[in-house]
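Now for the letters of each chain:
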Amino acid sequence: MPSISIVQRLRFDRVAGYTASTIMLLWVALANAFPLMFADSGTYLRIGTEYYVPYDRPVTYGLAILPLHSLLGLWSVAIAQCLFATWIFDRVLRAIFARPAPWLLPATVAALASLTSLPWFTGQVMPDMFAGLVILIAWLLLFARDGLARWERYALPALVTLIVAFHLSFVPTLGAVTIVGALTGWLLLRKPRIWKSGAIILGAIVVAVLGLSGFNLLTQGQFRPSTSSNAFLLARLLDGHMAQPTIIEMCKTREMILCRQDHVLDPAAVMPGQYYLWTVYPALKPAEIARMPAEETEVFRRTLQDNPAGVARMALNGFGQLLLLARAGDGMDRYGDEMQISQQIAKHFPRSEAAWQASRQQHGTLRSLARIPDRAIGLIGALLNIVIVTIAIRRRQPMIAGLATMMLATLILNALFCSVLSGVVERYQARVMWMPMLTLAVALIWWIGQRAAKEGQPWSSAGR
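Residues numbered from 1 in each chain as written. Predicted model: local features only at pLDDT ≥ 70, side-chain atom pairs only at ≥ 80, totals over all residues. Heavy atoms only, no water.

Comments concerning the overall build of the chain
Applied cut-off: Strands are runs of DSSP state E lasting at least 2 residues, helices are runs of H or I lasting at least 4, and numbering of each runs from the N terminus. Categorising residues by exposure relies on relative accessible area from a 1.4 Å probe, with only protein chains included: less than 20% of the type maximum marks a residue as buried, more than 50% marks it as exposed, and the intermediate range marks it as partly exposed. The contact rule is simple, with two residues in contact once any of their heavy atoms fall within 4.5 Å. All accessibility values rest on the Shrake-Rupley procedure with a 1.4 Å probe; residue burial counts only the protein chains present in the view. His residues and chain termini do not enter the charge count, which takes Lys and Arg as positive and Asp and Glu as negative. Lysine's charge is taken at NZ, arginine's at CZ, aspartate's at CG and glutamate's at CD.
Along its length, the chain carries 25 helices and 0 strands. Dimensions of the chain, computed from C-alpha atoms along their principal axes, come out at roughly 85 × 50 × 40 Å. Out of the 464 residues belonging to the chain, those deemed buried represent 52%. The long-range share in the chain, meaning contacts at least 24 apart out of those at least 6 apart in sequence, stands at 75%. If you sum the accessible surface of the chain, you get close to 20900 Å²; carbon and sulfur atoms cover 65% of it. Here the chain contributes 41 positive and 26 negative side-chain charges, whose respective centroids are spaced 14 Å apart.

Written as structure tokens, this is what we have:
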């Protein structure tokens, strides 16, 4: 009988911890009185509601959330994401601590939910929150594989494949961070399994890329993971005012569709590349639309040839800017009836439309909740992670050293790839700026527990 009561108590503690953690990660959406929406959320909903195949992003996330919002409504997507994040955090903590105390998970999540940008993404119908969670899965496979259950050793690589296919920006970041993590693990542990785990993760990335390429071949006739990569690369050059001189020079000797983009070619235009991507200007005929990829490719290549030093300076400057940019609430604006997200809610979720229009976001007051200096906290946490790596190596704690190293690598590489391939947008870095706080919380709990153990005090979260 006592053993049964202990099991019941453990189950109750876990359910309570998961429930509290999920609610804390959901607090911004709850305060908004509606799941958070970004302009691109409309495209992801349209994938499932109208079986739409967008040219500028994979269909994977839209299909993944389809069973949730089609059966249980939009709130189910936000709740499921918060619950999934809670499970990943719990799995990380159980990998590091032999017997984690019941309060450890909600306490860690409380720090993340109150001091970082994380809850602005977990409650948002967008795949951005997975940019950091997929790194944690990679860490589990690299540094905690021996402690994983058999089903987890198969399930986690499958999850990596699925999540990487959510957003193409995950591909280079996860691939590079995996290499950094594998090198770190080998230097610290000298175990061949590190390379095996790294190969499994990289293999999962390859499978995801091949799957996306195969899908594009079937639907759009191009075997490549993205059929719009040239448009995004050109937009980046336009935002940096690098491509405009090349276009103007080319327009002197030939007629191009890009020559008609007056606003894009205006030297005083702000973010002309974003205008080019998302504004239908001027109205193009189907034959002209078909010609655009060739023009974009040619202009991109000519710009690199004409001004390689300028492009390099632009990329380096953008990387430096994005390292320091991470504002919570970026993009949480009011969206008018002409926007796709509003149209999707009105057409396919009519029962939710009144709540959507009554939300803080639609009243323009949601950003007022972003009062915590999460960017400064994240940058300070990143600096402290450097200290954590040093101490963990000295104390022979490879799990914590590996976690801190991979968190730092994620911040650097996410800023690098996003600034070069997409642009300098605060939400890109904000989606991973919460990660140093996780390492900081874990390291503090570990070292406090170790000190307590040396002093003979009870500590229920003894580390492995």
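Some details on the state of the cysteines
As a reminder of what qualifies: The term disulfide is used for any two cysteine sulfur atoms that are within 2.5 Å.
Counted under the stated rule, the structure contains 1 disulfide. Here Cys 251 pairs with Cys 259 through a disulfide, and the sulfurs are 1.9 Å apart. Measuring the twist about the S-S bond at about -105°, one finds the Cys 251-Cys 259 disulfide to be left-handed. In this structure Cys 259 comes out as partly exposed when scored by relative accessible area, which is 24%.

Concerning the pattern of salt bridges
Keep this limit in mind: A pair is scored as a salt bridge if a Lys or Arg side-chain nitrogen falls within 4 Å of a carboxyl oxygen belonging to Asp or Glu.
Applying the stated criterion across every chain yields a total of 18 salt bridges. In this structure, Lys 347 and Glu 50 form a salt bridge, with 3.6 Å as the shortest nitrogen-oxygen distance. In this pair, Lys 347 sits in helix H19 (residues 340–348) while Glu 50 sits in helix H3 (residues 41–50), placing the two residues 297 residues apart along the sequence. By relative accessible area, Lys 347 is classed as exposed at 58%. Salt-bridge contacts for Asp 56 lead to Arg 57; the nearest nitrogen and oxygen are separated by 3.1 Å.

Some thoughts on the nonpolar core
As a reminder, the rule being used: Here the nonpolar core consists of buried residues drawn from Ala, Val, Leu, Ile, Met, Phe, Trp, Tyr and Cys, with membership extended through side-chain atoms lying within 4.5 Å.
If you look at the biggest cluster of nonpolar residues, it comprises 110 residues, and the most contacted ones within it are Phe 89, Leu 133, Leu 136 and Trp 139. With near-sequence residues (within four places) excluded, Trp 139 lies in contact with Val 92, Ala 95, Ile 96, Ala 144, Met 399, Gly 402, Leu 403 and Met 406. Core analysis: the next-biggest nonpolar cluster, separate from the first, contains 19 residues, Met 242, Met 250, Ile 257 and Tyr 276 among them.

What to know about the packing of helix H9 (residues 130–143) against helix H11 (residues 170–189)
To keep things clear, this is the line we draw: Angles here are taken between N-to-C directions and fall from 0 to 180 degrees, while the axes themselves are lines fitted to C-alpha atoms, restricted in helices to the stretch in contact. The scheme is simple: roughly parallel for angles under 35 degrees, roughly antiparallel for over 145, roughly perpendicular for 65 to 115, oblique for anything else. By convention the crossing between two helices is left-handed if the near helix lies anticlockwise of the far one by an angle smaller than a right angle, and right-handed if it lies clockwise. Charged means Asp, Glu, Lys or Arg here, nonpolar means Ala, Val, Leu, Ile, Met, Phe, Trp, Tyr, Cys or Pro, and polar covers whatever is left, Gly included.
For the pair H9 and H11, interaxial distance at closest approach is 10 Å and the crossing angle is 30°. Considered as vectors, H9 and H11 are oriented roughly parallel to each other. Taken as a pair, H9 and H11 cross one another with a handedness that is right-handed. Across the interface between the two elements, Phe 130, Ala 131, Val 134, Ile 135, Ala 138, Leu 142 and Phe 143 from H9 touch Phe 170, Leu 174, Val 177, Thr 178, Gly 181, Ala 182, Thr 184, Gly 185 and Leu 189 from H11. Across the contact of H9 with H11, the residue classes break down as 12 nonpolar, 4 polar and no charged.

A short note on helix H23 (residues 398–421)
Given 3.6 residues per turn, any residue in an α-helix points the same way as the ones three and four places further on. Heads up, the condition is: Each residue after the first adds 1.5 Å to the expected span of a helix.
The terminal C-alpha atoms of H23, which comprises 24 residues, lie 33 Å apart, in line with the 34 Å expected from a rise of 1.5 Å per residue. Counting buried residues along H23, 18 of its 24 residues qualify, which places the element largely inside the surrounding structure. Positive backbone phi, at 145°, marks Gly 423, one or two positions downstream of H23.

Describing a nonpolar patch on the surface
Short version of the rule: Patches draw on residues past 30% relative accessible area with no salt bridge. Two like charges within 9 Å are joined, as are two nonpolar side chains (Val, Leu, Ile, Met, Phe, Trp, Tyr) within 5 Å.
Together, Ile 179, Leu 183, Trp 195 and Leu 202 line one region of the surface with nonpolar side chains, adding up to about 360 Å² of accessible area. When residues of the nonpolar patch are traced back to their parent elements, those giving at least two are H11 and helix H12 (193–220). Relative to the helices and strands, Ile 179 is located in helix H11.

Remarks on the packing of aromatic side chains
In this description, a pair of aromatic rings is defined by centroid distance and the angle of the planes. As a reminder of what qualifies: Aromatic rings from Phe, Tyr and Trp, with only the six-membered ring used for Trp, were paired whenever their centres fell within 6.5 Å, and each pair was classed as stacked if the ring planes differed by under 30 degrees, edge-to-face if by over 60, and tilted otherwise.
One pass over the structure, following the stated rule, counts 11 aromatic pairs. Consider the rings of Phe 89 and Trp 434, whose centres lie 5.7 Å apart with planes at 80°: the pair is edge-to-face. Placement of the pair is Phe 89 in helix H6 (residues 74–96) and Trp 434 in the loop between helix H24 (426–430) and helix H25 (435–454), with a sequence separation of 345 residues. Overall, the relative accessible area of 1% leaves Phe 89 in the buried class. Assessed through its relative accessible area of 0%, Trp 434 is described here as buried. Here the aromatic rings of Phe 97 and Trp 446 are separated by 6.2 Å at their centres, their planes lie at 45°, and the arrangement is tilted. On the criterion of sequence distance, the pair formed by Phe 97 in the loop between H6 and helix H7 (104–115) and Trp 446 in helix H25 is long-range, its members being 349 residues apart. Comparing Phe 97 with Trp 446, the two get one shared label, buried.

Some words on helix H10 (residues 150–164)
Between its terminal C-alpha atoms H10 stretches 22 Å, which fits the 21 Å expected from 15 residues at 1.5 Å a residue. Every buried residue of H10 is listed here: Glu 152, Leu 156, Pro 157, Val 160, Thr 161, Ile 163 and Val 164. Packing partners of the buried residues in H10 comprise H6, H9, H11 and H12.

Focus: the environment of Met 292
Tracing the sequence through the fold places Met 292 in helix H17 (residues 286–306). You can call Met 292 buried: its relative accessible area is 7%. C-alpha separation for the pair Met 292 and Asn 230, spaced 62 residues apart in sequence, amounts to 9.7 Å.

Focus on the side chain of Gln 361
Put simply, the test is: Polar contact is defined as a pair of N or O atoms within 3.5 Å, subject to the rule that within protein one atom must be able to donate a hydrogen and the other to accept it, and that residues adjacent in sequence are counted only when both atoms are side-chain atoms.
In this structure, Gln 361 sits in helix H21 (residues 360–363). Reaching out from Gln 361, the side chain makes a polar contact with the backbone oxygen of Asp 333 at a distance of 3.1 Å. With residues up to four places along the chain from it excluded, the contact list for Gln 361 reads Asn 32, Pro 35, Leu 36, Met 37, Met 332, Asp 333, Arg 334, Tyr 335, Trp 356 and Leu 366.

Some points on unusual backbone geometry
A positive phi angle is found at Tyr 51, which is not glycine, with a value near 50°. Mapped onto the elements of the fold, Tyr 51 is located in the loop between H3 and helix H4 (60–64).

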